[in-house]
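# Structural description and commentary
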Amino acid sequence: MTSKKKRKPKYGDIWEQAVKWGMNYVGYITEQQRDKVFGYSKLMVDASYSKTYSRFGSHFNRVMVDSLIGGCVPVVRDWAMTKNGVFTVDEHYLEIPVTNESDPGKIDAIEFAEWLDYYLKHNNAYMNEVVTSGQDLIRKKFDATKVARRLLA
């Protein structure tokens, strides 16, 4: 989004508007800085998704796993976590729909923000359960030793 030459026309001046409204872009950060941010954040939002890939099943970014490890609840789009996935909605992550149920169009920025406000009002006990459940799943499914044993079996 930083490059006007590479940015698709449909996104317009999204980057300039974000800066105008207070976004502070810090560039790339280290893993240690990222983990520190997760440690004091309630939500990690990954709004990316692919309509094409959603037909084949869940396709999540590594930052989802990193946020859970760091103690932060991931919020992702429903089309990124469709089916055949390892993670379960409301148990290991929260989701925001791509489309509005009452209107077949995509949700707008206001509806997206309303979803975030809704999740931010969830009680801490529930949010901690989501993180703990996600961490347990990560230990079971992504532990390097366990994965290596499965591959060698």
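What counts, and where the lines are drawn
Residues numbered from 1 in each chain as written. Predicted model: local features only at pLDDT ≥ 70, side-chain atom pairs only at ≥ 80, totals over all residues. Heavy atoms only, no water. Patch = residues over 30% accessible without salt bridge, like charges linked within 9 Å, V, L, I, M, F, W, Y side chains within 5 Å. Areas by Shrake-Rupley, 256 points an atom, 1.4 Å probe, with all protein chains shown as cover. Salt bridge = Lys/Arg side-chain N within 4 Å of Asp/Glu carboxyl O. Helix = DSSP H or I, 4+ residues; strand = E, 2+ residues; numbered from the N terminus. Buried < 20%, exposed > 50% of the residue type's maximum accessible area, 1.4 Å probe, protein only. Pairing = 2+ DSSP bridges. Axes fitted to C-alpha atoms, helices over the stretch in contact; angles between N-to-C directions.

Before going further, it helps to spend a moment on a nonpolar patch on the surface. A cluster of nonpolar side chains, contributed by Val19, Met23, Tyr25 and Tyr28, occupies part of the molecular surface with about 500 Å² of accessible area. Its place among the elements puts methionine 23 in the loop between helix H1 (14-20) and helix H2 (31-39). Take methionine 23: its relative accessible area is 33%, and that puts it in the partly exposed class.

Another point: the pattern of salt bridges. Tallied over the full model, the rule gives 7 salt bridges. The partner of arginine 62 in a salt bridge is glutamate 31, and the shortest N-O contact between them spans 3.5 Å. Separated by 31 residues along the polypeptide, arginine 62 in helix H4 (residues 62-69) and glutamate 31 in helix H2 bring together distant segments of the chain. Of the residues examined, arginine 62 reaches a relative accessible area of 52% and is grouped as exposed. Note on glutamate 31: relative accessible area 45%, which makes it partly exposed. Here arginine 34 ties to aspartate 66 by a salt bridge, and the two come within 3.1 Å at their closest N and O atoms. Highlighted residues: arginine 34 in helix H2 and aspartate 66 in helix H4, separated in sequence by 32 residues. Judged by relative accessible area, which is 17%, arginine 34 ranks as buried.

Next up on the list: the sheet that holds strand E1 (residues 43-46). Taken together, the 3 strands give an open sheet; going across it, the order is E1-E2-E3, and neighbouring strands pair in parallel fashion. Each having just a single partner strand, E1 and strand E3 (94-96) make up the two edges of the open sheet. Taken over all neighbouring pairs, the strand axes of this sheet differ in orientation by 25° on average, direction set aside. The sheet contact formed by E1 and strand E2 (residues 73-77) spans 4 bridges and is parallel. When the bridges of E2 are listed, methionine 44 appears paired with proline 74.

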